[in-house]
Amino acid sequence: MAILPHEAREVSCDTVVAVACDLAPGLACQRYGINYLHAVGGRGCVPVGVVCRGDLQRYAACFGEGAVLEEVKEVVILPGCCCRSLCVGKAHGSGCRRGRGNDRRLAGGPQQLRTRYGQGPGILAGERRVDGCLHGDFGDGAFECQGYGCRAALGDGLAHSGRHYEAAAALGFGRNLGECPVIVGGGFIGIEVAENLCKLGMDVILVEAAEQLMSPFDSDMAAFIHAEIRKNGIQLMLSSMVEGFTENDGGIDVKLKNSPALHADIVIMAIGVVPETTLAETVGIELGIKGSIVVNDRMETSVPDIYAVGDAVQIKNYITQTDTLISLAGPANKQGRIAADNVCGGDSHYTGSQGSSVIKIFDMTAAATGINEKTAKASGLITDKVILSPMSHAGYYPGGKMMTMKVLFEKETYRLLGAQIVGYEGVDKRIDVLATAVRAGIKSYDLAEIDLAYAPPYSSAKDPVNMAGFMIENIRNGIVKQWYYEDVNVLPRDGSVTLLDVRTPMEYSRGYVDGFINIPVDDLRERIGELDKTKPVYVICQSGLRSYLVCRILAGNGFDVYNFAGGFRFYDAVHNDKALNKKSTPCGMDN
């Protein structure tokens, strides 16, 4: 049965509808009011979209020329269509096989797709979202999410076919995916999928081969992310390498190196992407890292007048000026504008990316810009850092939430290298200010001079970014010296140094660093005689504020004194993967 465009809105919500048109299917269906998610046609193929409701909720898929669909009850033919390749009838066989031209078939039809997505075992592989779309590959129980210009990085033995489906839509059928999904990969996509499946009531297991999630963050800052994920009921398995999969008991066994296998209803692979540059390689364009396309700062390839942009290209890291791959939408769009300028006779140049990014993790927001300590060390840079835990806005105004900031700078030059922030409110605003400062090339201590908007509901008179600048300025001027989390285990416990915790006795009783004695800041002046001036003093408090005050008091009395960067709150979070507290008092005590 054919339905004219003006009748499309009357299609029953339980009807399977095939749409054939030469227009971009998403635009065409939007124009005619059809509930359609997204579809992309294959090269030289007529786009055919499937829209259905009921158990599948919303589904959209793209089939090539000669697609065979089962139980298609109504066909919507839009203007400019070429529907000669659309066959309505019973499907053949099972699974998905690749052929040539009109031999291409999707066997199983919509109802079998529902079974494969919703009830049977499946593997969803991929990492990247590009231009807001997720694309999937389906074959032999495996499907992947990927974006334009890149392809999923799949392990050996994983099925990888050439058909593309809306894997994102499949994840929308959460209630049919089983009770125990395993997600492999702890990057942006892996964490986002884990959160959404967890909110659907599933027992989610998140597996990561590295020692931490989210590689843009240093391991100490990633500890807050780990704690937030565990706090919300996701089982987190770090340093766990996946070695293979086998179907078993109606599900999938995930084989791990040095650990027992995990049993899952569905496995979602989110282990990264590599550039998809087959065409460039075929025509002899120079390739770089992981087969990426080498371009100059005008986005021009090694072949004159041919340009490339986005996930497929090798670019410069703005901080280190080394070649790198950064698969982010912001840089890709800027590159596209620059390439278009140059194609049209302009002279625009791309200066590199600093990898600014942000992610929502349940109630938490985590964001980063520039490079982290690991990258800086690999680049031969000698760095220093400040760690602070300010409130998102004035503490006396209701509703403020704590954040933890880490700002990295070059030790000798005080060049701002990067920043990482985890918190609940105001994180994105501060990382954008710091990203701007990195791009502007200002010195890290000049963060103290940035004039930022203030009102109690939005910030403090000394904004967190300003506070980071004040702390770096104090280091530069020799007012304070720091010690760090990585020094905890190497500090001598033989009495040659004084280890001093200046929190209240109640705070101290809840947990302390081994070997530290407790003299509260309020008692210090009366008890200063208990300390030996010939020994260096290493001081810690809950947030770093009271210990700073103690450092100033002791330094004024002739002591050689060092303040712990981040406070016991930071130490506890990193050492014990403890969740970030949301509130603190003005003096830095946790509420």
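Counting restarts for each chain, with residues numbered from 1 along the sequence as it is written. Only residues with pLDDT of 70 or above have their local features reported here, since the model is predicted, and side-chain atom pairs are shown and tallied only from 80 upward, although totals for entire chains, interfaces and linings are computed over all residues. With hydrogens and water stripped out, all remaining heavy atoms of the structure feed into the side-chain values.

*Asks:* Just to check I follow, could you spell out the overall build of the chain for this structure?
*Replies:* Strands are runs of DSSP state E lasting at least two residues, helices are runs of H or I lasting at least four, and both sets are numbered from the N terminus onward. Broken down by element type, the chain carries 14 helices and 34 strands. Only protein chains enter the calculation, and the probe is 1.4 Å; a residue is then buried if its accessible area is under 20% of its type maximum, exposed if over 50%, and partly exposed in between. Relative to its 591 residues, the chain shows a buried fraction of 53%. A contact between two residues is defined here by any heavy atoms of the two lying within 4.5 Å. Across the chain, the fraction of contacts at a sequence separation of at least 24, relative to all contacts at a separation of at least 6, is 60%. The protein chains shown are the only cover counted for residues, whose accessible areas, like all others here, come from Shrake-Rupley with a 1.4 Å probe. In the form shown here, the chain has an accessible surface area of approximately 26600 Å², with 50% of it arising from carbon and sulfur atoms.

*Asks:* Any chance you could explain the environment of Tyr424 here in plain terms?
*Replies:* Looking at the element boundaries, Tyr424 is found in the loop between strand S29 (416-423) and helix H9 (427-440). When the C-alpha atoms of Tyr424 and Phe362 are compared, they prove to be 9.6 Å apart, with 62 residues separating the residues in sequence. In the analysis that follows, any N or O atom pair within 3.5 Å is treated as a polar contact, provided that within protein one partner can donate a hydrogen and the other can accept it, and provided that, for residues neighboring in sequence, both atoms belong to side chains. Looking at Tyr424, its side chain comes within polar contact range of the side chain of Glu228, at 3.5 Å.

*Asks:* Sorry if this is basic, but what is going on with unusual backbone geometry here?
*Replies:* Negative phi characterises most residues that are not glycine, and trans characterises most peptide bonds. Within the chain, Asp249 stands out as a residue other than glycine whose phi angle is a positive 55 degrees. Mapping Asp249 onto the fold places it in the loop between strand S17 (242-248) and strand S18 (251-256). Here the phi dihedral of Met299 falls at roughly 65 degrees; this positive angle occurs in a residue that is not glycine. Looking at where Met299 falls in the secondary structure, it is placed in the loop between strand S22 (293-294) and strand S23 (313-316).

*Asks:* Explain the pairing of strand S31 (residues 498-501) here, please?
*Replies:* Side chains on a regular strand alternate between the two faces of the sheet. What you see with S31 is no split at all: Thr498 and Leu500 on one side and Leu499 and Asp501 on the other are buried throughout. Across 4 bridges, the pairing between S31 and strand S33 (residues 537-540) is parallel. Paired with Leu499 across the two strands is Tyr538, which belongs to S33. Strands were regarded as paired on the criterion that DSSP finds at least two bridges between them. Where S31 meets strand S32 (residues 517-518), 2 bridges bridge the pair, whose relative direction is parallel. Considered in S32, the bridge of Leu500 is made with Ile517.

*Asks:* In this structure, what is going on with the sheet that holds S33? I would like to understand it.
*Replies:* Across a sheet, paired strands are connected by hydrogen bonds in the backbone, their directions being either parallel or antiparallel. The strand order S30-S34-S33-S31-S32 describes an open sheet built from 5 strands, whose pairing is parallel. Edge strands, defined here as strands with exactly one partner in the open sheet, are strand S30 (482-483) and S32.

*Asks:* Explanation requested: H9 in the structure shown.
*Replies:* Because an α-helix packs 3.6 residues into every turn, residues spaced three or four apart end up facing the same way. In this analysis, the expected span of each helix is defined as 1.5 Å times one less than the number of residues it contains. Taking 1.5 Å of rise per residue, the 14 residues of H9 would be expected to cover 20 Å, and the 20 Å separating its terminal C-alpha atoms lies within 8% of that figure. Turning to H9, its buried residues are Val427, Arg430, Ile431, Leu434, Ala435, Ala437 and Val438. Projection of H9 onto a plane perpendicular to its axis shows the buried side chains occupying an angular sector of 160 degrees, all on one side. Of the exposed residues in H9, the ones pointing more than 90 degrees away from its buried face are Thr436 and Ala440. Tucked inside the fold, the buried residues of H9 contact strand S26 (364-370), strand S28 (403-410), S29 and helix H10 (464-476). Immediately beyond the C-terminal end of H9, within one or two residues, lies Gly441, with a positive phi of roughly 75 degrees. Taking the helix axis as origin, the arc is that swept by the directions to the C-beta atoms.

*Asks:* Which parts of the structure should I look at to understand helix H14 (residues 567-576)?
*Replies:* By the criterion of burial, H14 is predominantly enclosed, with 8 of the 10 residues buried. Where H14 is concerned, the buried positions are Gly567, Phe568, Arg569, Phe570, Tyr571, Asp572, Ala573 and Val574. Just downstream of H14 lies Asp577, where phi reads positive at about 50 degrees.

*Asks:* Is there a simple way to think about the sheet that holds S22 in this case?
*Replies:* Pairing within the open sheet is mixed, and its 3 strands lie in the order S22-S23-S24. With one partner strand each, in any of the chains shown, S22 and strand S24 (323-324) form the two edges of the open sheet.

*Asks:* Please explain the confidence of the model for the chain as it appears in this structure.
*Replies:* Low pLDDT means the predicted atomic positions in that stretch should not be read closely. As a per-residue quantity, pLDDT reports the predictor's confidence and falls between 0 and 100. Summary statistics for the chain give a mean pLDDT of 76 and a share of 68% for residues scoring 70 or more. Between residues 1-147, whose pLDDT stays under 50, and residues either more than four places distant or in other chains, the model counts 358 contacts.

*Asks:* Please clarify how the pattern of salt bridges should be interpreted in this entry.
*Replies:* Two side chains bearing opposite charge may form a pair once their charged atoms approach each other closely. The term salt bridge refers to a side-chain nitrogen of Lys or Arg lying within 4 Å of a carboxyl oxygen of Asp or Glu. Summed over the entire model, instances satisfying the criterion amount to 18 salt bridges. Put simply, Glu373 and Lys406 hold a salt bridge, and the shortest N to O gap is 2.5 Å. Here the residue Glu373 occupies a position in helix H8 (residues 373-378), and Lys406 occupies one in strand S28, the gap between them amounting to 33 residues. We classify Lys406 as buried; its relative accessible area is 2%. Overlapping salt bridges, with partners in common, bring together Asp218, Asp220, Glu373, Lys385, Lys406 and Glu486 in one network.

*Asks:* Before we go on, may I ask you to explain the nonpolar core in this structure?
*Replies:* Note that soluble globular proteins tend to have their nonpolar side chains buried in a common cluster. Grouped together as the largest cluster of nonpolar side chains are 38 residues, with contacts concentrated most on Ile191 and Ile225. Secondary structure elements with two or more residues in this core: helix H4 (188-199), helix H5 (219-231), strand S20 (266-269), strand S25 (357-361), S26 and H14. In this view, Ile225 contacts Ile191, Leu213, Met214, Phe217, Ile361, Met364, Ala366 and Val422; residues no more than four positions away in its chain are not counted. What we call a nonpolar core is a set of buried Ala, Val, Leu, Ile, Met, Phe, Trp, Tyr and Cys residues that are connected through their side-chain atoms within 4.5 Å. Of all hydrophobic cores here, the second largest spans 29 residues; its members include Ala376, Ala419, Val427 and Val465.

*Asks:* Just checking my understanding: could you explain the packing of aromatic side chains for this structure?
*Replies:* Each aromatic ring pair is summarised here by two numbers: the centre-to-centre distance and the angle between the ring planes. Any two rings among Phe, Tyr and Trp, with Trp reduced to its six-membered ring, count as a pair given centres within 6.5 Å; such a pair is stacked if its planes are under 30 degrees apart, edge-to-face if over 60, and tilted if neither. Counted under the stated rule, the structure contains 10 aromatic pairs. Ring centres of Phe224 and Phe570 lie 6.0 Å apart, and the angle between their planes is 40 degrees; this geometry places the pair in the tilted category. Within this pair, whereas Phe224 is found in helix H5, its partner Phe570 is found in helix H14, the two being separated by 346 residues in sequence. Like Phe224, the residue Phe570 is buried in the burial classification. Pairing Tyr414 with Tyr445 gives two aromatic rings, centres 5.8 Å apart and planes at 65 degrees, and the pair type is edge-to-face. Remark: Tyr445 occurs in the loop between H9 and H10 and Tyr414 occurs in the loop between S28 and S29; sequence separation between them is 31 residues. Of the residues examined, Tyr445 reaches a relative accessible area of 16% and is grouped as buried. The criterion is that NZ of a Lys, or CZ of an Arg, lies within 6 Å of the ring centre and within 35 degrees of the ring normal, and then a charge sits over that ring. Over the aromatic face of Tyr318 sits the side chain of Arg439, whose NZ or CZ is 3.8 Å from the ring centroid. Across from the ring centre of Tyr445, 3.9 Å away, lies the NZ or CZ of Arg476, which sits over that ring.

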